[in-house]
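Okay, here's what each chain looks like letter by letter:
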Amino acid sequence: MAAGGVGVPASGRGGAGPGAAPAPPAALGCPGGPLLSARHVAHLLFCSMMRSPGRDPAPSDGEEASDSTPLLQGAWPAEGAPVCCSARYNLAVLAFFGFFVLYALRVNLSVALVDMVDSNTTSADNVTSKECAEHSAPVKILRSQTGKRYQWDAETQGWILGSFFYGYIVTQVPGGYIARKVGGKRLLGFGILGTAVFTLFTPIAADFGVGALVVLRALEGLGEGVTFPAMHAMWSSWAPPLERSKLLSISYAGAQLGTVVSLPLSGIICLYMNWTYVFYLFGIVGIIWFILWISLVSDTPETHMRISQYEKEYILSSLRNQLSSQKSVPWVPMLKSLPLWAIVVAHFSYNWTFYTLLTLLPTYMKEILRFNIQENGFLSALPYLGCWLCMILSGQAADNLRAKWNVSTVCVRRVFTLIGMIGPAVFLVAAGFIGCDYSLAVAFLTISTALGGFCSSGFSINHLDIAPSTLLQNGKLFSVSLLLSMYLVPFSSHCSPKVKYRTGLSAITMDTETEGTNKQSSLLMYFCLSCNLKVPSIF
C-alpha cells in the first residue's frame with residue numbers, strides 16, 4: 001500500500017505473473033464492493049500504454065512491490081471512495097437532521113409567541129401597528145382558542161426572544177475544550193438532547209412567569225452553544241479536503257430546513273391545536289434524533305464500526321498532510337492572525353442580520369404586514385427555504401470549482417462570501433423603500449436571506465482551511481470565532497426589549513421617547529448592512 005494513498009498493483013496485476021487474471025474487487029481496496037467502473041479500467045490501461053519503452057512490460061515480483069498507481073490523485077478521490085452508503089455521508093445526513101432539530105427548537109418560540117400573547121396587549125402597546133392596512137379580503141379561519149394567553153408587552157417579549165442568546169454565548173469556547181475531552185459526538189448529542197428536554201418544559205415555565213421562561217430559554221442556549229464547535233471538531237477528522245464544502249453544506253443546511261419546516265408547522269399547530277403542542281412535538285423529535293445519533297455515529301473513522309477499510313484509508317490518507325505536530329494552542333499568533341479576524345468580522349455581520357430576522361420576522365409579519373398565524377408561518381419560512389437551497393447548491397459548486405476547474409480555495413471562499421454578503425445587504429436596503437407592498441416585502445426578504453446561503457461555502461468553513469489540526473480537532477478556532485461574532489448578537493435581537501414595529505428597513509427599532517434616541521436605534525440596522533458591505537473588502 002502506497003504511503004500517499006491506497007495503491008493498486010501495476011500491470012501484471014495481482015502479483016501472479018504476466019498472465020494472471022485481474023484482481024477481484026476486494027483486492028482493489030473495495031471489500032465485497034462493485035466492479036471497477038469503465039473510467040477506472042480506461043485509466044489503468046492508459047497508464048500501462050504510456051509507460052516508458054525501456055521498461056519491461058512484465059515486471060518482476062520485486063518491482064511489483066514498489067510500482068503502484070495511487071487512486072487518490074487529482075479528481076480521483078471522490079470516485080475512489082463511493083458516496084452511496086458511505087460513513088462520511090451518513091454522518092453528514094445525521095448531522096443534517098441534527099441541525100434540523102436544533103433550529104426547529106430554536107425558532108418555534110418566534111411563532112408560538114405570537115399566539116401566546118394577548119393581541120389586545122400588543123396592539124395597545126404598539127401605536128404604529130396600524131401603519132399598514134388590513135388585507136382587502138381577510139380569510140376567516142376557525143381556530144383553537146384553548147391555549148392560555150399572557151399579558152406580555154413588547155418589552156417583555158423582547159426579553160424572552162433575546163434570552164436564548166445570553167446562554168448561547170457562554171458555551172462557545174468551553175464547547176471546543178469539551179469536544180476534545182469527551183468527543184464531538186457526545187457533546188453535540190447531549191447539547192441537542194438538553195435543548196429538547198428544556199423545550200418540553202416551556203409551557204410549565206410560561207405558567208410560572210416571565211423570569212422562569214427567560215431562564216429556561218437561556219438554558220436552551222447553553223445546550224445549543226456547544227453544537228457548532230462540536231460539529232467542526234468532528235469534521236476535522238472526517239471531511240477530505242476536496243469534499244469539505246459538500247459535507248459541511250449538507251450538514252449545516254439542516255439548520256435552514258429546520259427553520260423552513262418549523263415556522264409554518266408551528267403556525268398550523270397553533271391554529272388547529274394550541275401553542276403548547278409546538279414545544280411538545282419538537283421536544284419529542286429531538287429525543288428521537290439523539291437516540292439515532294448516539295447509536296450510529298463515531299467521533300473518528302478509526303473508531304467507526306461499519307466503515308469500509310477502503311473509505312477509512314481514503315479519509316485518513318487525504319488528511320495526513322494536514323496533521324500538525326504542535327500540541328499546544330498558539331493563542332497569541334492566533335489572535336494576531338488577520339485571516340482569523342476577517343472570519344470573525346464576516347461571522348459577526350452575518351449573524352447580526354440572520355438572527356435579527358430569525359427572531360423577529362414572524363412578529364413583523366403579524367404586526368406590520370397583518371398576516372394571520374397560518375400565513376405568518378408559511379411566509380416567514382420562505383426566506384429560509386431559499387437559504388437552504390442556496391447552501392446545498394453552493395456547496396456542490398464550490399467543490400466543483402476547486403476539484404475540476406482548479407480554482408484556488410482562497411478565490412472560492414472570497415467569491416462566495418462576496419455573494420453572501422453583498423446580495424443580502426442590497427435587498428434588505430431595498431426592502432426599506434417599499435412601504436406596505438406585501439408581495440415585494442416578502443420577495444425582498446426571501447431573496448436577501450436566500451443569498452446569505454452562499455456564505456456556507458465562504459467564511460463559514462474557512463476555519464477548516466486555515467487552521468492546523470490542533471485547533472480543528474478540539475474546535476477551538478471555531479469556538480473563538482463564534483464567540484466573538486456572537487457576543488453582540490443578543491444585543492441585536494435585544495433591540496426588541498422595547499420593540500416598536502415600523503414598515504420597511506426600520507421595521508425593528510427600539511421604543512424611544514425622543515427623536516434622537518430613535519435615530520440611534522435605527523442605526524443598529526444600518527450598522528448591520530454597512531458591515532455586510534465592508535466584509536468582502538476585509539475578507
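Because the structure is predicted, anything quoted here is derived from the model rather than measured.

What counts, and at which threshold
- Residues numbered from 1 in each chain as written.
- Predicted model: local features only at pLDDT ≥ 70, side-chain atom pairs only at ≥ 80, totals over all residues.
- Heavy atoms only, no water.
- Helix = DSSP H or I, 4+ residues; strand = E, 2+ residues; numbered from the N terminus.
- Contact = heavy atoms within 4.5 Å.
- Polar contact = N/O pair within 3.5 Å; in protein donor to acceptor, adjacent residues only side chain to side chain.
- Phe/Tyr/Trp six-rings, centres within 6.5 Å; stacked < 30°, edge-to-face > 60°.
- Buried < 20%, exposed > 50% of the residue type's maximum accessible area, 1.4 Å probe, protein only.
- Lys NZ or Arg CZ within 6 Å of the ring centre and 35° of its normal.
- Expected span 1.5 Å × (residues − 1).
- Bend = angle between axes of the 7 residues up to and from the residue.
- Axes fitted to C-alpha atoms, helices over the stretch in contact; angles between N-to-C directions.
- Left-handed = near helix turned anticlockwise from the far one by under 90°.
- Salt bridge = Lys/Arg side-chain N within 4 Å of Asp/Glu carboxyl O.
- Arc of directions from axis to C-beta.
- Core = buried A, V, L, I, M, F, W, Y, C linked by side-chain atoms within 4.5 Å.
- Disulfide = S-S within 2.5 Å.

Let us now look at the environment of Ser-298. Looking at the secondary structure, you find Ser-298 in the loop between helix H13 (276-296) and helix H14 (309-319). Expressed as a C-alpha distance, the spacing of Ser-298 and Arg-186, which sit 112 residues apart in the sequence, is 9.2 Å. Once you skip the residues sitting within four places of it in the chain, Ser-298 turns out to touch Lys-185, Met-234, Trp-238, Thr-303, His-304 and Met-305. Polar contacts involving the side chain of Ser-298 include one to the main-chain carbonyl oxygen of Thr-303, which spans 3.4 Å.

Scanning the entire structure with this criterion turns up 23 aromatic pairs. Between Phe-99 and Phe-228, the ring centres sit 4.9 Å apart and the planes meet at 45 degrees, which makes this aromatic pair tilted. Taken together, the residues span a long stretch of sequence, with Phe-99 in helix H4 (residues 87-116) and Phe-228 in helix H11 (residues 227-238) at a distance of 129 residues. Across the pair, Phe-228 and Phe-99 agree in class, each one buried. Taken together through their ring pairs, the aromatic side chains of Tyr-103, Phe-164, Phe-165, Tyr-168, Tyr-350, Phe-354, Tyr-355, Tyr-384 and Phe-459 make up a single cluster. One cation-aromatic arrangement involves Arg-106 over Tyr-103; the distance from NZ or CZ to the ring centre is 4.3 Å.

Here we take up unusual backbone geometry. With a phi close to 65 degrees, Cys-85 is a non-glycine residue in the positive phi region. Tracing the sequence through the fold places Cys-85 in the loop between helix H3 (77-80) and H4. With a relative accessible area of 68%, Cys-85 lands in the exposed category. One non-glycine residue, Asn-406, lies in the positive phi region at around 55 degrees. Among the structural elements, Asn-406 can be located in the loop between helix H17 (373-403) and helix H18 (409-430). Note on Asn-406: relative accessible area 66%, which makes it exposed.

Spacing of three or four residues puts side chains on the same side of an α-helix, whose turn is 3.6 residues. Counted at 1.5 Å a residue, the expected span for helix H6 (residues 154-168) with its 15 residues is 21 Å, and the 22 Å between its end C-alpha atoms agrees. In the structure, H6 departs most strongly from a straight axis at Gly-162, where the bend amounts to approximately 30 degrees. If you check which residues of H6 are buried, you get Ala-154, Thr-156, Gln-157, Gly-158, Ile-160, Leu-161, Gly-162, Ser-163, Phe-164, Phe-165, Gly-167 and Tyr-168. At the N-terminal end of H6, a side-chain oxygen is found 3.3 Å from the backbone nitrogen of Glu-155, two or three residues along, and the residue is Asp-153.

Where helix H7 (residues 172-182) contacts H11, the two axes come as close as 8 Å, and the packing angle between them is 35 degrees. Considering only the axes of H7 and H11, their crossing is right-handed. Contacts from Gln-172, Gly-175, Gly-176 and Ala-179 of H7 reach H11 at Pro-229, Ala-230 and Ala-233.

Another point: the pattern of salt bridges. In this structure the tally under the stated criterion is 9 salt bridges. For Lys-148, the salt bridge identified is with Asp-207, shortest N-O distance 3.4 Å. With Lys-148 in the loop between helix H5 (119-125) and H6 and Asp-207 in helix H9 (residues 202-208), the pair connects residues that are 59 residues apart, well separated along the chain. Measuring nitrogen to oxygen at the nearest pair gives 2.6 Å for the salt bridge that ties Asp-465 to Arg-413. Taken together, the residues span a long stretch of sequence, with Asp-465 in helix H20 (residues 462-466) and Arg-413 in helix H18 at a distance of 52 residues.

With that settled, the discussion passes to H13. Counted at 1.5 Å a residue, the expected span for H13 with its 21 residues is 30 Å, and the 31 Å between its end C-alpha atoms agrees. When we look at burial in H13, the residues that qualify are Thr-276, Val-278, Phe-279, Phe-282, Gly-283, Gly-286, Trp-289, Phe-290 and Trp-293. Looking down the long axis of H13, one finds its buried residues gathered within 160 degrees of arc, a one-sided arrangement. Taken together, the buried residues of H13 touch H4, helix H8 (184-200), H9, H11 and helix H12 (244-272).

Before going further, it helps to examine the nonpolar core. The tendency in soluble globular proteins is for nonpolar side chains to be buried side by side. Residues Met-116, Trp-152, Met-231, Trp-235 and Trp-293 are the most contacted members of the largest nonpolar core, which totals 105 residues. Per-element accounting of this core gives the leading share, 21 residues, to H4. Judged by nonpolar contacts, the second largest core, of 6 residues, contains Ala-398, Val-412, Ala-450 and Phe-454.

Moving on, we come to the side chain of Ser-110. Its location among the elements puts Ser-110 in helix H4. The class of Ser-110 is buried, set by a relative accessible area of 4%.

Before going further, it helps to spend a moment on the state of the cysteines. Each disulfide consists of one covalent bond between the sulfur atoms belonging to two cysteines. Across all of its chains, the model carries 0 disulfides by this definition. Cysteine Cys-85 remains unbridged, with the sulfur of Cys-84 as its closest cysteine sulfur at 3.6 Å. For the unlinked cysteine Cys-390, the closest cysteine sulfur is that of Cys-387, found at 6.9 Å. What makes Cys-390 buried here is its relative accessible area of 16%.

For the rest of this paragraph, the subject is the environment of Glu-220. Checked against the element boundaries, Glu-220 lands in helix H10 (residues 210-225). Taking the C-alpha atoms as reference points, Glu-220 and Gly-194, 26 residues apart in sequence, are found 7.1 Å from one another. Those residues in contact with Glu-220, other than ones at most four positions away along the chain, are Leu-105, Phe-164, Thr-195, Phe-198, Thr-199 and Thr-202. Within the local environment of Glu-220, its side chain forms a polar contact with the side chain of Arg-217, the two groups lying 3.1 Å apart.

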